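# Per-entry structural report
The chain contents come next:
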Protein chains: 2
Amino acid sequence: MVKLTEEIKESLKGVKTIYMATCSNDCIPNVAPMGAYKLLDDETMLISDQFMNKTMKNLEQNQKVAISYWGEKGGYQIKGVAVVHKDDDVFKEDVEWIKSVMPKLTPKSAVVIRITEVYSIKPGTEAGKKIL
Amino acid sequence: MVKLTEEIKESLKGVKTIYMATCSNDCIPNVAPMGAYKLLDDETMLISDQFMNKTMKNLEQNQKVAISYWGEKGGYQIKGVAVVHKDDDVFKEDVEWIKSVMPKLTPKSAVVIRITEVYSIKPGTEAGKKIL
């Protein structure tokens, strides 16, 4: 378990789209943009699933995920382990949150990611360096 | 082998950053932003490697890649198979191209991706639909 630094949390602010990669048990990668995400705390990210398709199929097989983003204050690659929530309090809270911020959307599940590693994606000698 | 449509090619124009996912042989995904890319033809994408780290380690094990992007004209997920070029004509052409467009950068290798599938990533009922 790692705790995101202030710098990493600042870099996420205002970023509309993050890209989440998953992979199937036969090691075929998939990457899709995600817009409905937020940090639950410094160690945990929530992504609300409205439109996941292959991502969800992959998560049923393999819970490891990688997320990259780049905004006005830079970006990082965050790696973690996902747990999919349906019909529980975590999902209910996700539904309430989406209702308040994107009322036209209907969540199918809530993906909770325990963050395990963070890497630099800054072009240059730091690229790929493990930060956390 | 698939051929990108005009609509897909148009959507790529002006997109500064695409996100490429790879995965290791033990099925751990990685996703990193790529800025130095272009289509070689309707079936093939070139990504010049200046700063690849884990991406290149994964490509040595597993050549399957997935690329997502979103620009002013929408976006897609492109899947394909990568071949890494060094010390050959493909790499020389890559070096010449980078010299002309981003002269401060020094390519380490040229990643040529044969496009095998294209998926919609448009939010809504089309999300995840196979286009090509």
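What counts, and at which threshold
Residues numbered from 1 in each chain as written. Chains lettered and ligands numbered in written order. Predicted model: local features only at pLDDT ≥ 70, side-chain atom pairs only at ≥ 80, totals over all residues. Heavy atoms only, no water. Helix = DSSP H or I, 4+ residues; strand = E, 2+ residues; numbered from the N terminus. Expected span 1.5 Å × (residues − 1). Polar contact = N/O pair within 3.5 Å; in protein donor to acceptor, adjacent residues only side chain to side chain. Buried < 20%, exposed > 50% of the residue type's maximum accessible area, 1.4 Å probe, protein only. Arc of directions from axis to C-beta. Contact = heavy atoms within 4.5 Å. Pairing = 2+ DSSP bridges. Salt bridge = Lys/Arg side-chain N within 4 Å of Asp/Glu carboxyl O. Buried area = accessible area lost by both parts, 1.4 Å probe. Disulfide = S-S within 2.5 Å. UniProt positions renumbered as here; feature names shortened; annotations may be inferred.

As annotated in an unreviewed UniProt entry, chain A carries the name Flavin-nucleotide-binding protein and is attributed to Methanooceanicella nereidis.

Looking now at helix 3 (residues 89-101) of chain B. The end-to-end C-alpha distance of helix 3 of chain B is 18 Å, a good match for the 18 Å that 13 residues give at a rise of 1.5 Å each. Sitting at the head of helix 3 of chain B, aspartate 88 of chain B places a side-chain oxygen 3.3 Å from the backbone nitrogen of valine 90 of chain B.

Moving on, we get to helix 2 (residues 54-61) of chain A. Residue and element names in this part refer to chain A. For helix 2, the complete set of buried residues consists of Thr55, Met56, Asn58 and Leu59. Relative to the axis of helix 2, the buried residues are bounded by an arc of 160° and lie together on one face. Where helix 2 is buried, its residues contact strand 1 (18-23), strand 2 (29-34), strand 4 (44-49), strand 5 (64-68), strand 6 (76-85) and strand 7 (109-120).

The next thing to look at is the pairing of strand 6 of chain A. All names here are of chain A. Across the ten residues of strand 6, seven count as buried, placing the element largely inside the fold. Direction of pairing for strand 5 relative to strand 6: antiparallel, over a ladder of five bridges. Note that in strand 6 the partner of isoleucine 67 across the bridge is isoleucine 78. The pairing of strand 6 with strand 7 spans ten bridges and is classified as antiparallel. Bridging from a neighbouring strand, histidine 85 pairs with alanine 110 of strand 7.

The next subject is the pattern of salt bridges. Counted by the stated rule, this structure contains 20 salt bridges over all chains. The shortest N-O distance in the salt bridge between aspartate 49 of chain A and lysine 108 of chain A comes to 4.0 Å. Taken together, the residues aspartate 49 of chain A in strand 4 and lysine 108 of chain A in the loop between helix 3 (89-101) and strand 7 connect sequence positions 59 residues apart. Under the relative-accessibility criterion, aspartate 49 of chain A is labelled buried at 2%. Lysine 129 of chain B is paired through a salt bridge with glutamate 126 of chain B; the nearest N and O atoms lie 3.7 Å apart. On the accessibility criterion, lysine 129 of chain B (44% relative accessible area) is partly exposed.

This part takes up the interface of chain A and chain B. Taken together, the contact between chain A and chain B spans 32 residues of the former and 32 residues of the latter. Summing both sides of the interface, chain A and chain B together bury roughly 2300 Å²; the carbon and sulfur share of this comes to 67%. Its largest share of buried area at the contact with chain B, chain A owes to Tyr19, Pro29 and Val31 of chain A, together 26% of the area lost on that side. Our count for the contact surface shared by chain A and chain B stands at 16 residue pairs in polar contact (both at pLDDT 80 or more).

Right, let's talk about unusual backbone geometry for a bit. Non-glycine residue aspartate 87 of chain A carries a positive phi angle of around 55°. With respect to the helices and strands, the residue aspartate 87 of chain A is situated in the loop between strand 6 and helix 3.

Applying the stated rule across the entire model yields one disulfide over all chains. Here cysteine 27 of chain A is linked by a disulfide to cysteine 27 of chain B, with a sulfur-sulfur distance of 2.1 Å. Judged by the sign of its S-S torsion, about -115°, the bond between cysteine 27 of chain A and cysteine 27 of chain B is left-handed. One end of the pair, cysteine 27 of chain A, is in the loop between strand 1 and strand 2; the other, cysteine 27 of chain B, is in the loop between strand 1 (18-23) and strand 2 (29-34), on a second chain. Neither cysteine 27 of chain A nor cysteine 27 of chain B differs from the other in exposure class; each is buried. Unpaired in this structure, cysteine 23 of chain A has its nearest cysteine sulfur neighbour in cysteine 23 of chain B, at a distance of 3.2 Å.

What follows concerns the environment of alanine 82 of chain A. Residues and elements named next belong to chain A. Relative to the assigned elements, alanine 82 resides in strand 6. For alanine 82, a relative accessible area of 3% puts it in the buried group. Considered as a pair, alanine 82 and methionine 45 are 37 residues apart in the sequence and their alpha carbons are 9.2 Å apart. Alanine 82 has contacts with Leu59, Gln63, Val65, Val111, Val112 and Ile113, leaving out every residue within four places of it along the chain.

UniProt records the feature "domain: Pyridoxamine 5'-phosphate oxidase N-terminal" (unreviewed entry) at residues 4-121 of chain A, using the numbering of this structure. Spanning residues 4-121 of chain A, this segment combines 24% helix with 42% strand, and its end C-alpha atoms are found 15 Å apart.

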